[in-house]
Structure formats: structure tokens, C-alpha cells
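# Structure assessment
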Amino acid sequence: MQNPFRDGGPLDIAMGLLALLLSAVLLWMGIQMAQHGRSWWWPLTAGVMVVLSLNGLYRRRPSKRRSRQ
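Residues numbered from 1 in each chain as written. Predicted model: local features only at pLDDT ≥ 70, side-chain atom pairs only at ≥ 80, totals over all residues. Heavy atoms only, no water.

### Description of the overall build of the chain
A count of helical and extended segments in the chain gives three helices and zero strands. In the chain, the succession of helices and strands from N to C terminus is α-α-α. When each of the 69 residues of the chain is scored for burial, the buried share is 14%. Considering only residue pairs separated by 6 or more positions, the chain has 40% of its internal contacts joining residues 24 or more positions apart. Per element, the accessible surface of the chain, about 6100 Å² overall, is 65% carbon and sulfur. (Helix = DSSP H or I, 4+ residues; strand = E, 2+ residues; numbered from the N terminus. Buried < 20%, exposed > 50% of the residue type's maximum accessible area, 1.4 Å probe, protein only. Contact = heavy atoms within 4.5 Å. Areas by Shrake-Rupley, 256 points an atom, 1.4 Å probe, with all protein chains shown as cover.)

This is the structure:
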């Protein structure tokens, strides 16, 4: 049986998607809080987390150059 935690394994990919989901929820909650008078640091920080999660998922996707060789 293969290790599901290996690089590129199903759980490795799922952790990236989970990070994106959680950061998107934090962004939504931060926007809601900011609309009700709270600090704008919450949505700004959550937005940075969304961008970092998307960058991580983008960097993990298989490269087209590698599959051709």
C-alpha cells in the first residue's frame, strides 16, 4: 500500500485545498466583521492567506514540461 502522505499524494493535495477553504472562510468572516465596524486587518490578513494558498496549489500542480520529458 502506498503512503497517502507522500508528496503529491491524495492527502497532500487535500491539505492544500483545505487551507484554501479555511482561508476563504476567514476572508468572508473578516469582511462581515469589517462591515460591522471591526478592524480591516482581519480581511486583509485573510486575503493574504488566500493568495498564499492559491500560490501553494499552483506550485504543486504538475508541470507540463516535466510530463513531456
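### A word on the side chain of serine 23
Residue placement: serine 23 occurs in helix H1 (residues 10–35). Among the residues examined, serine 23 registers a relative accessible area of 1% and is labelled buried. At 3.0 Å, the side chain of serine 23 forms a polar contact with the backbone oxygen of alanine 19. (Polar contact = N/O pair within 3.5 Å; in protein donor to acceptor, adjacent residues only side chain to side chain.)

### With respect to the side chain of serine 53
Secondary-structure assignment places serine 53 in helix H2 (residues 41–60). Filtering out sequence-adjacent residues up to four positions away, serine 53 remains in contact with Ala19, Leu20 and Ser23.

### Section: the packing of H1 against H2
One can describe the packing of H1 onto H2 by two numbers: an axis separation of 8 Å at closest approach and a directional angle of 160°. Between H1 and H2, the crossing angle belongs to the class labelled roughly antiparallel. Of the two possible hands of crossing, H1 and H2 adopt the one that is left-handed. The residue inventory of the contact of H1 with H2, partitioned by class, reads 16 nonpolar, five polar and two charged. (Axes fitted to C-alpha atoms, helices over the stretch in contact; angles between N-to-C directions. Parallel < 35°, antiparallel > 145°, perpendicular 65-115°, else oblique. Left-handed = near helix turned anticlockwise from the far one by under 90°. Nonpolar A, V, L, I, M, F, W, Y, C, P; charged D, E, K, R; others polar.)

Geometric descriptors of this kind do not, in isolation, establish any biological role.
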